[in-house]
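Given next are the chains, with one letter for each unit.
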Amino acid sequence: MTKSNQKSVLLATVAAVIVGAMPGIAAAQQAPDAGADASTADQIVVSGYLQSLVVARDIKKKAVISVDAIVAEDMAKFPELNLAESLQRLPGVQITREAGEGRRISLRGLGSDFARVQLNGMEVLGNVDSAQDSRGQRTRDRAFDFNIFASELFSRVEVEKTFQAAQNEGGMAGTVGLFTGKPFDYASGTKGAITVKGGSNQYTKDGQYRVAALLSQNWDNRFGITISAAYGKRKTTEQGHNTYNYTQPSAGDMADLVASGLDISHLSTEQQAKVMSGDLYWADGNRISSWNGDMERLGITAAVQWRPADNLLLTLDALHGQFTTHRDEVHLATRPINGTGSIAIDGAASAPWPSVFQSGSTINDIAWDKNNYVTMSDTSGTTFGSEHRRELNKNKFNQIALTGKWDVNDRLTIDGHFGFEKSSYDTPYDDKFYMRAKGNLVADYGANGRSATFSYPGTDLTDPSLYAMDNFYYRSFYNKSELTEGTLNLHYKLDDTLTLRAGGAYHSFWQDGASYFYDGGANGTTGKTRGTSVGDITDVFSNSFGTWLIGNYDRGFAKYNEYHRLSTNTKDGTGGVLQDIENVYTTKEETISGYAQLDWDTEVMGMGLRGNVGLRGYHTKTRSQGWIQGDSYAYLGTADVKGEYSGVLPAMNAVLDLTDETLLRFAATQNLNRPGLGSLAAQGSAFQDESTGEITASRGNPNLKPYKDTTLDFSVEHYFGKVGLLSASVFHKWIKNFIGSQTLTNVPFSQTGVPASTIPGATPDTIVKEFSMPVNIAGTKSLTGVELAAQTQFSFLPAPFDNLGVTANFTYVDADKTLTGISNVSYNATLYYETDRWGMRGSLSHRNRWYTGRSDDVMSADTRGFEATTYVDASAFFNVTPRLQITLNAINLTNEKDTQFWGQNRYLYNQNQSGTTYMGGLAYKF
């Protein structure tokens, strides 16, 4: 059977089982399986997908706050290959993808910066990069990137959707808890598992593999050690069409282009008038791209548990993670030499460009829509840029945490943890190799501007004579975070129904970073490389969308005596001082908090009533130091600004057990989310107008108050059979302290936090004409959401169909339009069939269109977002023996397109595909 046929069979099977299963959910409720739950939340050792659902359901049912969970199917065997992809199966969770795998999550109507992640009870921060600027290529924020860690390292993941006073403040959307395996999770003696998987991707056609192993020794629950490791290596690619949004040349710009050689004589009178009017919006870039990476991921965990006495348990957790990517990006884009922006038309170039570039473009045909956006252009003599970008990205994460629990007596328990973690993101080099080319282009974006087809009639893009060298561009980046955290909690049982809890926490976060840019003008390569021939320094690149020449770094560096550098060339003395250094700031937050909470577990009218009510107080001090920069990013001085805030957060959660199978949940809580790091950063700028002497300045604001929400949450849950669950939740959030920008006029330097020394001759009393910084905005924004979830085993059906089961959920969020990063509708469905010997499952995940920014201007690129996506995955297993299992995974079976848009008309911004990945493997446990 061919790969294409295999893929078709898999798709047909997944589609059939998902569609066929949906009507059976209600019927399953009427005929529940009489079997009892086989596990408790404390038993993490599970076997098979069905049993993992049982344990996860039990965690949800017993929790006082609203919790959803995912549990490993077995040791070193999480349900998905990526944690984010597992999380998207939960109601209210949506993910973004990077290079074909899940990266970040959005939760309950709020973006990734509002979802807190904890590892073994301690907050965790860690970022990787994105290949694409349109996704926020390098971010210094609070969001967590789930592709840092291999999923095999974790035993379970819990999503806490409501807040309680005993939880550290933060994570306004919710808290995601990641848990690694512990020796006391497993039975006494030696336990272990190893999994080996290999496969390939339809585009990369490489050999991909991942290996994971876990070894645990438990000495009768007195002392134990667990060690796990996971390693993976694979190639990735994302390829497709994209633009840089648009450029709108003015009538004067168009006149200059015609004067410099642009030929419009082939157009009709109407077309010529429109082209010269300055009304048209032209697509920038008109680019075909391929983002290619060699990814390597290593994770190591260790846990030591010691019970020196029956009433005392100590746990030491350590985790090390490394995520490394060698990336080669290649692009062919329109890049005029004597034009405007990066549009498809150009004037004639002059020396040092060779003769092929010394004639202007000819517009053969053109079309536009009612908003004057050019939806099609046919151009001869277009100038292209061939960009080959190579980079190395290295991410490291280390955490160590000591947790203790002491049952002092029957009434008093003391627990807590202390830990430290460090995360670093380093790009030693990010180089660009630019060449220019001349050829013909037909760029067709469809009548609505939402699709892209590029053709190059009469042009051989592999002909070196059509190319000329431009220059090299060198960049480097780094980012480092550190976190120290300690908590102490006391639980005092007042009587059989009431427990008093109180405690405190210390949380210290620090981050540093900088970005270095050394372009062809500053580094001196433009002067010696521009216009020279490229026949001896190119390679032919080809993907699904085109074939063209790209620069070869080894031969190019050898020809021009070049190398990656951020200073003068030691070989030939070219290049000046590096000046463009950006994002230079440190930010520190230090928080002391405490809480008091009363838990209850009683009966009312024969029904169980569980819950808690409490208050959490906090005091946070912030400090940020950042560079103030002027023209050409020149360093002018350092701003040092401090801030602080404090408050009290009330929380109440209650669960009413109507019956053993049905319960009601209610929560009324307040929580906060600390401001984005970019807004807190004290970095800024200062300029003085040479003609008027007026001064303008700006900086970040470490004195910002946190976002604050008031949330009401109500849900109904019905449990039946082994795995059966039906639930419906409604939640509403009122959010205040949103962040905007404020501009003050005629204020003295002393009130800006920007050093007066940044402007020669200025004093603290010197007036700044305009000063801007982020501020909290008055007012409240709100969102309302509904979550529906169902899962069941079709045990009422006759054999063999009684081994069939389904899980499904649906989420709808109605939010203020200024709240971006979330789809208003998302749903997931997984159909599984499992016996003791073999099983398979197919999963579908959908999210509607979502926005990352909005503007009231119809043609503003500040309106951006992603079109709806539906991803389909499948997996299967076969137990050769009770210890040996064969597995098969297929990820992104439909090779879904990831499409970004700009503007209210949703014009194409970026569309790419990453291909289907197949993985087969062996799992052995002992």
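What you are looking at is a predicted structure, and each value in this text was computed from that prediction instead of being measured.

Caption draft 1: Region of the structure containing the overall build of the chain. The secondary structure content of the chain amounts to 10 helices and 41 strands. Taking 926 residues into account, the globule formula puts the C-alpha radius of gyration at 29 Å, and the chain, at 30 Å, falls close to it. Along the longest, intermediate and shortest principal axes, the C-alpha atoms of the chain span 90 × 75 × 55 Å. Every one of the 926 residues in the chain was classed for burial, and the buried ones make up 58%.

Caption draft 2: Representation of the pairing of strand β16 (residues 374-407) in the model. Bridging between strand β14 (residues 312-334) and β16 involves 23 bridges; their strand directions are antiparallel. Looking at the pairing, A318 lines up with I400 of β16. Sheet topology places strand β15 (residues 362-368) next to β16; six bridges connect them, and they run antiparallel. Following the sheet pairing, I366 is matched in β16 by S377. Hairpin connection, β15 to β16: the antiparallel pair is bridged by five residues, and N372 has positive phi, about 70 degrees. Pairing analysis gives 29 bridges linking β16 to strand β17 (residues 412-444), with the strands arranged antiparallel. By the bridge assignment, I400 is partnered in β17 with F420. As consecutive antiparallel partners, β16 and β17 are separated by four residues.

Caption draft 3: Representation of the sheet that holds strand β7 (residues 174-180) in the model. Strand order in the open sheet formed by five strands is β1-β6-β7-β4-β5, and the pairing between neighbours is mixed. Here the strands that pair on one side only, and so sit at the sheet edges, are β1 (67-71) and β5 (122-123). Bridging between β1 and strand β6 (residues 154-160) involves five bridges; their strand directions are antiparallel. Looking at β6, one finds that I70 is bridged to V157.

Caption draft 4: Structural view of the nonpolar core. Within the largest apolar cluster, 46 residues are counted, with the highest numbers of intra-cluster contacts made by L87, I105, F146, F154, V176 and L178. Counting residues per element, the ones that place at least two in this core are α4 (83-87), β2 (93-98), β3 (101-107), β4 (115-119), β6, β7, β9 (208-219) and β30 (724-748). Among residues more than four places away in sequence, those in contact with L178 are L83, V117, Q118, L119, N120, F144, F146, F154, R156 and V157.

Caption draft 5: Focus on helix α6 (residues 269-277). Residues Q271, K274 and V275 constitute the buried set of α6. Angular distribution of buried residues about the axis of α6 spans 100 degrees; they occupy a single face of the element. Along its buried surface, α6 packs onto α5 (251-259), β12 (282-283) and β15. With its phi angle positive at about 80 degrees, G278 sits one or two positions after the end of α6.

Caption draft 6: Fine view of the environment of K736. Within the fold, K736 resides in strand β30. Each C-alpha atom, one on K736 and one on T226, is 45 Å from the other, the two residues being 510 residues apart in sequence. For K736, the residues in contact, after removing those within four places along its chain, are Y707, K708, G779 and T780.

Caption draft 7: The side chain of N879, seen in detail. Of note, N879 is situated in strand β37 (residues 869-879). Accessibility expressed as a relative area gives 16% for N879, which makes it buried. Within the structure, the side chain of N879 is placed 2.8 Å from the side chain of Q885, a separation counted as a polar contact. Residues in contact with N879, not counting those within four places in the same chain, are D836, R837, L884 and Q885.

Caption draft 8: Quick peek at the environment of L262. Its location among the elements puts L262 in the loop between α5 and α6. Its relative accessible area of 4% is what places L262 among the buried residues. In sequence terms L262 and I95 are 167 residues apart; their C-alpha atoms lie 46 Å from each other. Look past the residues within four positions of L262 in its chain and what remains in contact with it is M254, L257, I345, D346, G360, S361 and I363.

Caption draft 9: Quick peek at the confidence of the model for the chain. Chain-level pLDDT for the chain is 91 on average; 93% of the residues reach the 70-or-more range. Counting contacts from residues 1-46, a segment whose pLDDT is below 50, to residues more than four positions away or on other chains yields 88 contacts.

Caption draft 10: Molecular detail of the pattern of salt bridges. Applying the stated criterion across every chain, the model contains 45 salt bridges. Between R234 and E101 there is a salt bridge, with its nearest N and O atoms 2.5 Å apart. With R234 in strand β10 (residues 223-242) and E101 in strand β3, the pair connects residues that are 133 residues apart, well separated along the chain. For the pair shown, R234 and E101 are each scored as buried.

Caption draft 11: Highlighting the packing of α5 against α6. Contact geometry for α5 and α6: axes closest at 7 Å, N-to-C directions at 115 degrees. Put simply, α5 runs roughly perpendicular to α6. On the side of α5, the interface is formed by A251, M254, A255 and V258, while α6 contributes V275, M276 and S277. Here the residues of the contact of α5 with α6 sort into six nonpolar, one polar and no charged.

Caption draft 12: Fine view of unusual backbone geometry. With an omega of 10 degrees, the peptide bond running from A351 to P352 counts as cis. Going from A799 to P800, the amide bond is cis rather than trans, its omega being 5 degrees. Tracing the backbone through its elements, the reader meets P800 in the loop between β31 (767-793) and β32 (804-815). One non-glycine residue, R108, lies in positive phi territory at about 50 degrees. Structurally, the position occupied by R108 is in the loop between β3 and β4. The class for R108 is buried, based on a relative accessible area of 1%. Of note, N892 is a non-glycine position whose phi angle comes to about 60 degrees, a positive value. With respect to the element layout, N892 can be found in the loop between β38 (884-891) and β39 (898-902).

Caption draft 13: Broad picture of a negative patch on the surface. Together, D631, D689, E690, E694 and E770 line one region of the surface with negative charge. Residue placement: E770 occurs in strand β31.

What counts as what
- Numbers given to residues run from 1 along each chain, matching the order in which its sequence is written.
- Selection of residues for local features in this predicted model requires a pLDDT of at least 70, selection of side-chain atom pairs for listing and counting requires 80 or more, and totals for whole chains, interfaces and linings are taken over all residues.
- Only hydrogens and water are set aside; all other atoms, that is, all heavy atoms of the structure, feed into the side-chain values.
- The way it works is that DSSP assigns letters per residue, a run of H or I at least four long becomes a helix, a run of E at least two long becomes a strand, and they are numbered from the N terminus.
- Just to be clear, the radius of gyration here is over C-alpha atoms, and the globule rule we use is 2.2 Å times residues to the power 0.38.
- Each residue's exposure class comes from its accessible area (1.4 Å probe, protein chains only) as a fraction of the maximum for that residue type: buried when under 20%, exposed when over 50%, partly exposed otherwise.
- Think of it this way: DSSP has to see at least two bridges between two strands before they count as a pair.
- Buried residues of nine kinds, namely Ala, Val, Leu, Ile, Met, Phe, Trp, Tyr and Cys, make up a nonpolar core once their side-chain atoms join them within 4.5 Å.
- In what follows, residue pairs with any heavy atoms lying within 4.5 Å of each other are defined as contacts.
- What the arc measures is the spread of directions leading from the helix axis to the C-beta atoms.
- Here a polar contact is recorded for every N or O atom pair within 3.5 Å, except that within protein the pair must consist of a potential hydrogen donor and a potential acceptor, and residues adjacent in sequence are included only if both atoms are side-chain atoms.
- How sure the predictor is of each residue is captured by pLDDT, a score from 0 to 100.
- Here a salt bridge means any side-chain nitrogen of Lys or Arg lying within 4 Å of a carboxyl oxygen belonging to Asp or Glu.
- Structural elements are reduced to axes, namely lines fitted to C-alpha atoms, with helices fitted over the stretch in contact, and the angle between N-to-C directions of any two is expressed from 0 to 180 degrees.
- For classification purposes, an angle smaller than 35 degrees is called roughly parallel, one larger than 145 roughly antiparallel, one from 65 to 115 roughly perpendicular, and anything else oblique.
- Gly falls in the polar group here, along with every residue not listed as nonpolar (Ala, Val, Leu, Ile, Met, Phe, Trp, Tyr, Cys, Pro) or charged (Asp, Glu, Lys, Arg).
- The patches reported here contain residues having more than 30% relative accessible area and no salt bridge. Joining distances are 9 Å for like charges and 5 Å for nonpolar side chains (Val, Leu, Ile, Met, Phe, Trp, Tyr).
- Methods summary: accessible areas were calculated by the Shrake-Rupley approach with a probe of 1.4 Å, and residue burial reflects only the protein chains presented.
- Positive charges are assigned to Lys and Arg, negative charges to Asp and Glu, while His and the chain termini are left out of the count.
- Charged side chains are reduced to one point each, which is NZ for Lys, CZ for Arg, CG for Asp and CD for Glu.

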